[in-house]
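# Geometric and topological summary
One-letter residues, chain by chain:
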Amino acid sequence: MNIRARKIYEALFALEDLREIFRQALPTGLNENEEAQLLDGIAHVETIIRELKEGKGSPIKYVEDKIELRTREEEFININAIQPGGRLTAEARKALIAYGDGYSVCDKCLEGRLDKIRKPPVDKFHAELADFVGMDEARVVPGARRGFQAVASSLLDKGDVVIVSDLAHYTEFLAVENVSGVIKEVPSGEKNIITGDAVAEKIENVNEELGRLPKLIIIEHFDHRFGNEHDVYGVGKVAKAYDIPFLYNGAYSVGMVPVDGKKIGADFVVGSGHKGMAAVAPSGVLATTDEWAPKVFRGSEIVGDVTGRSFKHKESEMLGCTLMGGTLLSMMASFPRVKERVKRWKEEVEKSNYFIREFLRINGNKISSEYPRKHTLSKVDTRDSFDRIAKTHKRRGFFLSDELKRRGIVGQFAGSTRVWELNTYGLSWSRIKYLSEAFIEIAEKYGLAAI
Ligand SMILES: *Cc1c(COP(=O)(O)O)cnc(C)c1O
């Protein structure tokens, strides 16, 4: 346990208690009792700060009854497959402190529309977001999945066919299911990579089988199972040739990899705030072109029979407003850094390859993802190395997680020693090197030679 990391939490919590005094007091000022409380509270913060400075005292374990402190980003290197891109920036954590209250973004809402709020600059953020992914219009949504849902619901009728990858994320299936659409999967083949040709072939198959063309193509730039790069440019061309709208699933790219939707030939770009944009969950982005915006971001048309009420300025797919507080503000606060970090994607890939190269020095280790790596998410195969140790170890598969944890590394799926995923996104070179050495050290400890 890192006492100082935990003292920082304790100090932050103690400061929140001070903040609470002001939230209860009259706006004219604190009364005698509250002043005394404040002084006591400040003394408490000072004690904690002293302990922090000295690295002493007892570490706290809970936020609140039964809610454990979450310190995996402070006390460990986290190689979890889905978490690194959504790790908050310090700016996002500050925004969360300031805008954590429920509908906090609505203080100065003049038009009843989230994307038109000017203070904080939500309207400007929307314009920049569209630009960031190379599209015309953008909305924030509660997760990439809600982006798929809005598009599926706008474009599809019952029985309409949607082309997805055989590696597609389940949320694409569910978005299509909710509007009674039909899923047709494109095979990614032996290489586990989707090509434009494979998509074209599937479209032809569907046309032959059902006598109609698919209504939508959804393909991810990088899939969540292998982190392989799929030929989205090729898919974009095929989509244009058949005049079928193409939703580019950027859950594992937007916010980490430079994305230019129009250049790719996408009609929709969907990204995930909590997977790729250093934002609080659930958050994400749905961006589109001027051509499709009126359809997906159409205004409500419903009218009440008694009151005659209508809500023309509310967008029905967004159910009016989407991210009304800490989620959106965390996204906005991280955005300047996110815009910068996508420029460093190449180096992220270099670090990923450095780690995998070292990892593959361990006798029996294999990589299931394409190699060299083009992403930081990788699927590795340790059936001929760590799994062989697990077979006779008294902790079975948990031996590897134990050994990693002992070295301050978490995020590997506990107990898995066969085929599993890891993600090195955002780790510094020194952490990458430490991580590489840790695996080699563990291998050597169990007699697996590193070559
Ligand atoms: C994570 C993921 C999603 C879901 O993203 P949310 O923002 O959690 O809805 C969709 N597609 C792919 C490929 C993913 O990796």
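Residues numbered from 1 in each chain as written. Predicted model: local features only at pLDDT ≥ 70, side-chain atom pairs only at ≥ 80, totals over all residues. Heavy atoms only, no water.

## Comments concerning the nonpolar core
Val199, Ile217, Phe246 and Leu328 are the most contacted members of the largest nonpolar core, which has 49 residues in total. No other element matches the six residues that helix H13 (residues 326–341) contributes to this core. Apart from the residues lying within four places of it in its own chain, the contact partners of leucine 328 are Val105, Leu114, Val122, Phe125, Val140 and Leu323. (Core = buried A, V, L, I, M, F, W, Y, C linked by side-chain atoms within 4.5 Å. Buried < 20%, exposed > 50% of the residue type's maximum accessible area, 1.4 Å probe, protein only. Helix = DSSP H or I, 4+ residues; strand = E, 2+ residues; numbered from the N terminus. Contact = heavy atoms within 4.5 Å.)

## Focus: the sheet that holds strand E14 (residues 419–423)
A sheet is described by the order of its strands in space; here three strands give the open sequence E11-E12-E14, paired in antiparallel fashion. Each edge of the open sheet is held by one strand with a lone partner, namely strand E11 (366–367) and E14. (Pairing = 2+ DSSP bridges.)

## A word on the site of the ligand
Inspection of the region around the ligand gives 13 residues, with Ala144, Arg145, Ser272, His274 and Lys275 positioned closest. Alanine 144 is positioned with one of its backbone polar atoms (N or O) 2.8 Å from an oxygen atom of the ligand. The protein chains hide 96% of the 390 Å² of surface that the ligand would expose on its own. If you tally residues by element for the shell around the ligand, the top one is helix H6 (residues 144–155), at three residues. Across the shell around the ligand, the residue classes break down as four nonpolar, seven polar and two charged. (Near = heavy atom within 4 Å. Polar contact = N/O pair within 3.5 Å; in protein donor to acceptor, adjacent residues only side chain to side chain. Areas by Shrake-Rupley, 256 points an atom, 1.4 Å probe, with all protein chains shown as cover. Nonpolar A, V, L, I, M, F, W, Y, C, P; charged D, E, K, R; others polar.)

## Considerations on the side chain of lysine 351
Position of lysine 351 relative to the elements: it lies in helix H14 (residues 345–359). For lysine 351, a relative accessible area of 7% gives the class buried. Polar side-chain contacts of lysine 351 include one of 2.7 Å to the backbone oxygen of leucine 427. If near-sequence neighbours (up to four positions away) are discounted, lysine 351 is found in contact with Leu427, Ser428, Trp429 and Ile432.

## Thoughts on the packing of helix H1 (residues 3–24) against helix H2 (residues 32–54)
Packing of H1 against H2 brings their axes to within 9 Å, and their N-to-C directions diverge by 170°. When the axis of H1 is compared with that of H2, the two are roughly antiparallel. When H1 is examined against H2, the residues Arg4, Lys7, Ile8, Glu10, Ala11, Ala14, Leu15, Leu18, Ile21, Phe22 and Gln24 are found in contact with a partner set consisting of Glu34, Gln37, Leu38, Gly41, Ile42, His44, Val45, Ile48, Ile49, Glu51 and Leu52. (Axes fitted to C-alpha atoms, helices over the stretch in contact; angles between N-to-C directions. Parallel < 35°, antiparallel > 145°, perpendicular 65-115°, else oblique.)

## Things to note about the packing of helix H5 (residues 122–132) against H13
Between H5 and H13, the least distance of the axes is 11 Å, while the angle of their chain directions is 45°. Here H5 lies oblique to H13, going by the angle between them. When you trace H5 past H13, the crossing you get is left-handed. Contact residues: Val122, Phe125, Glu128, Leu129 and Phe132 in H5; Leu328, Met331, Met332, Phe335, Val338 and Lys339 in H13. Here the residues of the contact of H5 with H13 sort into nine nonpolar, no polar and two charged. (Left-handed = near helix turned anticlockwise from the far one by under 90°.)

## A short note on the packing of aromatic side chains
Here the structure, examined in full by the defined rule, presents 15 aromatic pairs. Considering the side-chain rings of phenylalanine 125 and phenylalanine 335, the 5.1 Å spacing of their centres and the 90° angle between planes classify their relative orientation as edge-to-face. With phenylalanine 125 in helix H5 and phenylalanine 335 in helix H13, this pair connects stretches of sequence that are 210 residues apart. Each member of the pair, phenylalanine 125 as well as phenylalanine 335, is classed as buried. (Phe/Tyr/Trp six-rings, centres within 6.5 Å; stacked < 30°, edge-to-face > 60°.)

## Some details on the pattern of salt bridges
This structure, assessed with the given rule, holds 33 salt bridges. One salt bridge connects arginine 139 with glutamate 315, and the closest N-O pair in it is separated by 2.7 Å. Placement of the pair is arginine 139 in strand E4 (residues 137–141) and glutamate 315 in the loop between helix H12 (293–296) and H13, with a sequence separation of 176 residues. The same class applies to arginine 139 and to glutamate 315, which are both buried. Between glutamate 340 and lysine 343 there is a salt bridge, and its shortest N-O distance comes to 3.0 Å. Taking the relative accessible area as the measure of exposure, lysine 343 reaches 63% and is therefore exposed. Ionic contacts of the salt-bridge type, sharing partners, join the residues Arg113, Asp115, Glu137, Arg139 and Glu315 into one network. (Salt bridge = Lys/Arg side-chain N within 4 Å of Asp/Glu carboxyl O.)

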